[in-house]
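Results of the structural survey
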Amino acid sequence: MSVIVPPEARSAAPPAVVANNLVKVYGSGDAAVHALKDVSVGFETGAFTAIMGPSGSGKSTLMHCLAGLDTATRGVVRIGDTDITTLKDKELTLLRRDRIGFIFQAFNLLPTLTAEQNIRLPLEIAGRKADEALFNRVVDTVGLRDRLRHRPTELSGGQQQRVAVARALISRPQVIFADEPTGNLDSRSGAEVLSFLRTSVRELGQTIVMVTHDPVAASYADRVVFLRDGELVSELHGPTPQSVHDTLMKLEA
Ligand SMILES: Nc1ncnc2c1ncn2[C@@H]1O[C@H](COP(=O)(O)OP(=O)(O)OP(=O)(O)O)[C@@H](O)[C@H]1O
Ligand SMILES: [Mg+2]
């Protein structure tokens, strides 16, 4: 059973995540670093967006502010219709738990748990029941059916990251944030993980925002937004590795 989300339904939906006039200053006085300078950007529901830019341009800072892992100095972030900048710590923790999925460069799996236990952990912590049909579908799509009883050390890097992707998908979060999800993988395992992210957007209508340095990884996205020195400077729709590469070259020049 595959649920294809038609393009017109996607664009009609309100954006999953919006940042308005986001400013992030680290430190103060002479030591102040203006990591984000008035960034406004929206991330469409059911779309796969990549964030790119030179090292130090503010990609991780933007993602952390969008995901409620860090607080912006000024500006507003909305996840769906919730303004997360006004939430108290406890509310923010619950929002992250219930509505956001995370995938990091380091897979962050618990070593003593099996693949299946790792995938189910966030739902268990939240006291929610897994959607078993979705669990089976996700496990088959990521190709982990015969690895469910293995522990992380018994899995390859690509397989471990696929467990992390399955874990993020299983709770149907409103948005998944991924920071360099293929940074630790060889190109073949990276391609496996990216195809799976792509499939989850197409077939499950998942919304994904991914930070990456890699033009090939970015080309799996529907859209790429480019940061330079804390400002949004460019974007591409329907990116190819070449068009992403060319845009980066111009930014770094
Ligand atoms: N905790 C912090 N304290 C002070 N400055 C910081 C802090 N975190 C980041 N910065 C600075 O903010 C700017 C943006 O950093 P950020 O980590 O967002 O960049 P990035 O685009 O993710 O870079 P990279 O590609 O190297 O991961 C940099 O100049 C960085 O030195
Ligand atoms: Mg970074």
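Let us look at the structure shown here. Please read these numbers as outputs of a predicted model, since none were measured by experiment.

**A look at the pattern of salt bridges**
Inspection of every chain in the model, using the stated rule, returns 11 salt bridges. Put simply, Asp-98 and Arg-97 hold a salt bridge, and the shortest N to O gap is 3.0 Å. You can call Asp-98 partly exposed: its relative accessible area is 26%. Since its relative accessible area comes to 36%, Arg-97 is described here as partly exposed. With a shortest N-O distance of 3.0 Å, Arg-120 and Glu-116 are connected by a salt bridge. Here the residue Arg-120 and the residue Glu-116 both occupy positions in helix H4 (residues 115-126), the gap between them amounting to four residues, near one helical turn. Note on Glu-116: relative accessible area 26%, which makes it partly exposed. Connected through shared salt-bridge partners, Glu-116, Arg-120 and Glu-132 make up one network.

**Considerations on the nonpolar core**
Among soluble globular proteins, nonpolar side chains are generally buried collectively. Membership of the largest hydrophobic core comes to 45 residues, with the highest contact counts inside it found for Ile-119, Leu-197, Val-224, Phe-226 and Val-244. Beyond its immediate chain neighbours, meaning those up to four positions away, Val-224 contacts Ala-50, Met-52, Ala-218, Ser-234, Glu-235, Leu-236, Pro-239 and Val-244. The next biggest cluster of nonpolar side chains, apart from the first, holds 27 residues, and it includes Ala-16, Leu-92, Leu-95 and Val-175.

**Some words on the sheet that holds strand S5 (residues 82-83)**
On the basis of which strands lie adjacent, the open sheet formed by four strands has the order S2-S1-S4-S5 and antiparallel pairing. Strand pairing shows two members of the sheet lacking a second neighbour, strand S2 (33-43) and S5, which therefore form its edges. Relative to strand S4 (residues 74-79), strand S1 (residues 17-26) is paired through five bridges, and the arrangement is antiparallel. Residue Asn-20 lies in a different strand from S4, and its bridge partner there is Val-76. Strands S1, S2 and S4 of the sheet are contacted by helix H2 (residues 59-66), whose axis makes an angle of about 120° with S1.

**Comments concerning the sheet that holds strand S3 (residues 48-52)**
A sheet is described by the order of its strands in space; here six strands give the open sequence S6-S7-S8-S3-S9-S10, paired in mixed fashion. In this open sheet, the two edge strands, each paired with only one partner strand, are strand S6 (100-103) and strand S10 (231-237). Within the sheet, the average angular offset between the axes of one strand and its neighbour, ignoring direction, is 20°. Two strands pair when backbone bridges link them, and S3 and strand S8 (residues 208-211) are joined in this way by four bridges, in the parallel orientation.

Reading the values: the criteria
- Residues numbered from 1 in each chain as written.
- Chains lettered and ligands numbered in written order.
- Predicted model: local features only at pLDDT ≥ 70, side-chain atom pairs only at ≥ 80, totals over all residues.
- Heavy atoms only, no water.
- Salt bridge = Lys/Arg side-chain N within 4 Å of Asp/Glu carboxyl O.
- Buried < 20%, exposed > 50% of the residue type's maximum accessible area, 1.4 Å probe, protein only.
- Helix = DSSP H or I, 4+ residues; strand = E, 2+ residues; numbered from the N terminus.
- Core = buried A, V, L, I, M, F, W, Y, C linked by side-chain atoms within 4.5 Å.
- Contact = heavy atoms within 4.5 Å.
- Pairing = 2+ DSSP bridges.
- Axes fitted to C-alpha atoms, helices over the stretch in contact; angles between N-to-C directions.

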